[in-house]
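# Survey of secondary and tertiary structure
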Amino acid sequence: MSSTAGPPTRQGQLVVLSGPAGAGKSTVARELLSSGDLVVSISATTRPPRGREEHGRDYYFLDEDEFLRLRDGGELLEWARVHGKHYYGTPARPVLEHLAAGRDVLLDIDVQGAEQLRQKGLPLVTIFLEPPSLEVLRERLLRRGDTSPEDIERRMRTAREEMRQAWRYDLRVVNDSLERTVQRVRDFLVGSA
Ligand code: 5GP
């Protein structure tokens, strides 16, 4: 081995976090990221910003033409139309660069996107976050206050469909306590590193 060669770099892996809207994915994601062991993938979407969301931090907010140009140019690792409405997708380049540099990348994406990544054969672990019940989920969505009644019903329909896909995931966690959920996910990631 040449004396200039550094230590072999471990390739990073994708850490996919899915689950219905309102299951607590963003809060769990924030906690996981706080340890500094993971970097986050920022998705592109055609959904308008909610609340204090910022372009380039929470999402890349694009119009439909811009999104479709990225998709058709092969610049998305996966993409989906979520809740039958807006497009969401993962810009490929930053993710592939992180993986090559040995960094694990957290992706908060839906079940359709997770399936596309499995098909691609990229190194990945998948985690499905479940709400304690559909009733609790509805209450959480109502409490957000920034979602219309139609949106809530659409999200509840998607939630039921998503929950049917939970068996495909490596780890399923019922998110009834943030602390316990984050600990379970961390333990699982240590075991699969
Ligand atoms: P929200 O509109 O509540 O931010 O997200 C709605 C859903 O879209 C969530 O389930 C979230 O995981 C999913 N999502 C966010 N970004 C992406 C993405 O890049 N690809 C896919 N397939 N789903 C995404």
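Our subject is the structure that appears above.
Summary of the structure given here. Here the structure is a predicted model, which means the values were calculated and not measured. (Residues numbered from 1 in each chain as written. Predicted model: local features only at pLDDT ≥ 70, side-chain atom pairs only at ≥ 80, totals over all residues. Heavy atoms only, no water.)

### Looking at the packing of aromatic side chains
Any pair of aromatic rings gets described here by the distance separating the centres and the angle formed by the planes. This structure, assessed with the given rule, holds 5 aromatic pairs. Arranged with centres 5.3 Å apart and planes meeting at 20°, the rings of Phe67 and Tyr87 form a pair that is stacked. Of this pair, Phe67 sits in helix H2 (residues 64-72) while Tyr87 sits in strand E6 (residues 86-91), placing them 20 residues apart in sequence. With relative accessibility at 10%, the residue Tyr87 sits in the buried group. Of the aromatic side chains, those joined through ring pairs into one cluster are Tyr59, Phe61 and Tyr88. Taking NZ or CZ as reference, Arg71 lies 4.6 Å from the ring centre of Trp79, over its face. Residue placement shows Arg81 over the ring face of Tyr87; its charged tip is 4.8 Å from the ring centre. (Phe/Tyr/Trp six-rings, centres within 6.5 Å; stacked < 30°, edge-to-face > 60°. Helix = DSSP H or I, 4+ residues; strand = E, 2+ residues; numbered from the N terminus. Buried < 20%, exposed > 50% of the residue type's maximum accessible area, 1.4 Å probe, protein only. Lys NZ or Arg CZ within 6 Å of the ring centre and 35° of its normal.)

### Quick look at the packing of helix H5 (residues 134-144) against helix H6 (residues 149-163)
At their nearest, the axes of H5 and H6 sit 11 Å apart, and the two run at 145° to each other. Along this stretch, H5 crosses H6, giving a crossing that reads as right-handed. Mapping the contact onto sequence places Leu134, Leu137, Arg138, Leu141, Leu142 and Arg144 in H5 and Ile152, Glu153, Arg155, Met156, Ala159, Arg160 and Met163 in H6. (Axes fitted to C-alpha atoms, helices over the stretch in contact; angles between N-to-C directions. Left-handed = near helix turned anticlockwise from the far one by under 90°. Contact = heavy atoms within 4.5 Å.)

### Quick look at the site of the ligand
Taken together, 17 residues sit near the ligand, with Ser43, Arg47, Tyr59, Tyr88 and Asp108 positioned nearest. One nitrogen or oxygen atom from the side chain of Tyr59 is found 2.5 Å from an oxygen atom belonging to the ligand. Residue Gly89 places a main-chain N or O atom 3.1 Å away from an oxygen atom belonging to the ligand. For the ligand, the protein covers 95% of the area, taking 510 Å² as the surface of the free molecule. Mapped by element, the contributors of at least two residues to the shell around the ligand are strand E5 (76-82) and E6. Tallied by class, the residues present in the shell around the ligand amount to 5 nonpolar, 5 polar and 7 charged. (Near = heavy atom within 4 Å. Polar contact = N/O pair within 3.5 Å; in protein donor to acceptor, adjacent residues only side chain to side chain. Areas by Shrake-Rupley, 256 points an atom, 1.4 Å probe, with all protein chains shown as cover. Nonpolar A, V, L, I, M, F, W, Y, C, P; charged D, E, K, R; others polar.)

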